[in-house]
Amino acid sequence: MTTVRTDFSRRYSPAAFWRGRLGRRRTRRLLETHLLVLLVCAAVASTALFFSYRQTQRGAAALAAREAPAVQGLAATRLAALRADQEAHDLVRTHLVDVAGSGETYRSQLSAADQGLSRIADRTDQDLGTVNGLLATYGNSLNLGTSMYRDQPLMREQKLDEADRLLNRAKVGLAPRLDELQQAQLRHAEAAATEGWWQRAGWWLAELALAALALTLLSALFVLRDRCGRDWNPYLLAAFVLTVLLAVFPLMTTSATEHRLDGALGDLRRITEVSRRTGPGPAAAQQSVAQRSEEVRQELSDGGWTDRMYRGTVVGGLLVVVLPALGLGLRLDSDYWRRR
C-alpha cells in the first residue's frame, strides 16, 4: 500500500507534471530558452518598475515643493486681504483710526498678503500680474481710507467702499480672483498626486513580469537539478529572493506614499474650503489654515525613506537582470558552449 502511494505521488507530483511538460527537449535548448525568457522578463520588470516608481516619487516631490505651498500660500493671501479689510473697518467703526499706531494690524496683514504672493510666484505657472496689481490698488485704497481725510468722513467712506469693491466685486475682485487661482492650483495638486492610468498599467506590467520571472527562475532551478544533477544555483536563488522583494516592497512603499498624498490632498481641500468662507472671523480661519498647513508639511516631509527605496529598486532591478545571466550563462559556458 505504501509503495502504491509513493508511486502515485511521484507520478502526479508537481515535479512529474513539469518534467512531462518539458518533454524530450534537449537540456541545452531548455537552458538557453530559460536564459532568454529570464533576460526578457527581468528587463521588462525592471523598466516598468523604474518608471512607475519614479512617477510616484516625482508626484510626491512636486506636491511637496510646488503645489501644496502654492495652495497654502493663496489661502493665506486671501485670508490676509480679508482680515486687513475687517481690521480697517473696525478702526473706523470704533473711532480709533486716528489713534497713533492703531493701524498696525491691517498693515501687517497687507504686508503678509504681498509677501505671500511673492513666494507663490516661484511655485506656480499661473499669471499673478493682475492679482498683484489688484492687491496694490486695494492696499492703497485702505491706506487712504484710514490715514488721510481725517476731517472728511465722506471721502474716507468713499475710499473704504472703493477698497470693498476692489476686494469683493464678483469675478473681477481680488477675493474672487484668488479663489479662482486656488481652485486651479488645487486641481494641479490633485493631478500631481493622483496615479494615472499609465502609471497603474506600468505597475500591472511590472508585477506580471516579476511573477513570470519568479516562475521561470523556479523552472530553471528545476531543470538544473533534474537534468544536470547540480546543486541549487546560488545566482538563481539570489535572483528569486530579489524578485520576490521587488514584487512586494516597492508596491507597499507606493501604496503608503499614495495614502500619505491622499491625506495631504484632503488637508489642502479643507484649507481651500476654510479660506473661501466669508464669515466674520478671518483671524480664526487664519489660525485653522496655519495649523492645517503645518500638518500638510509634516505629511509631505516624511518621504525620505521613499528616496532610499527608489535607489534600492534601481539597484535591485539591475541585479535581477545580471544574476540570472550569470547563473545560467556560466553553467551553459561550462557545460556546452566551450565544447563547440
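Preceding block: the structure.
Residues numbered from 1 in each chain as written. Predicted model: local features only at pLDDT ≥ 70, side-chain atom pairs only at ≥ 80, totals over all residues. Heavy atoms only, no water.

K.L.:
Could you clarify how one ought to interpret the overall build of the protein chain in this entry?
P.N.:
Assigned secondary structure in the protein chain consists of 11 helices and zero strands. Secondary structure elements of the protein chain, listed N to C terminal, follow the sequence α-α-α-α-α-α-α-α-α-α-α. Expressed as a percentage of its 340 residues, the buried residues of the protein chain come to 43%. (Helix = DSSP H or I, 4+ residues; strand = E, 2+ residues; numbered from the N terminus. Buried < 20%, exposed > 50% of the residue type's maximum accessible area, 1.4 Å probe, protein only.)

K.L.:
I would appreciate a short explanation of helix α5 (residues 129-147) in the present structure.
P.N.:
A turn of α-helix holds 3.6 residues, and therefore any two residues three or four places apart point the same way. Between its terminal C-alpha atoms α5 stretches 27 Å, which fits the 27 Å expected from 19 residues at 1.5 Å a residue. All of the buried residues along α5 are Val-131, Leu-134, Leu-135, Tyr-138, Gly-139, Ser-141, Leu-142, Leu-144, Gly-145 and Thr-146. (Expected span 1.5 Å × (residues − 1).)

K.L.:
Please explain helix α6 (residues 153-168) as it appears in this structure.
P.N.:
Between its terminal C-alpha atoms α6 stretches 22 Å, which fits the 22 Å expected from 16 residues at 1.5 Å a residue. Within the span of α6, buried status applies to Arg-156, Lys-159, Leu-160, Ala-163, Leu-166 and Leu-167. Projected down its long axis, α6 shows its buried positions confined to an angular sector of 115°, all on one face. (Arc of directions from axis to C-beta.)

K.L.:
Where do I start with the pattern of salt bridges in this structure?
P.N.:
Close approach of charged atoms lets side chains of opposite charge pair. Under the criterion given, the structure shown has six salt bridges. Residues Glu-87 and Arg-83 are paired through a salt bridge, measuring 3.6 Å at the closest nitrogen-oxygen approach. With Glu-87 and Arg-83 both in helix α3 (residues 27-93) and four residues apart, the pair spans about one turn of that helix. For Asp-267, the salt bridge is made with Arg-292, and the minimal N-O distance between the two is 3.3 Å. Residue Asp-267 is found in helix α9 (residues 234-276), and its partner Arg-292 is found in helix α10 (residues 282-300); the two are separated by 25 residues along the sequence. Residues joined in a network through salt bridges with shared partners are Asp-267, Arg-270, Arg-292 and Glu-295. (Salt bridge = Lys/Arg side-chain N within 4 Å of Asp/Glu carboxyl O.)

K.L.:
What is the right way to read unusual backbone geometry from this model?
P.N.:
Residues apart from glycine generally show negative phi values, whereas peptide bonds are mostly found in trans. The phi dihedral of Lys-171 falls on the positive side, at around 70°, and the residue is not glycine. Relative to the elements of secondary structure, Lys-171 occurs in the loop between α6 and α7 (174-193). Overall, the relative accessible area of 71% leaves Lys-171 in the exposed class.

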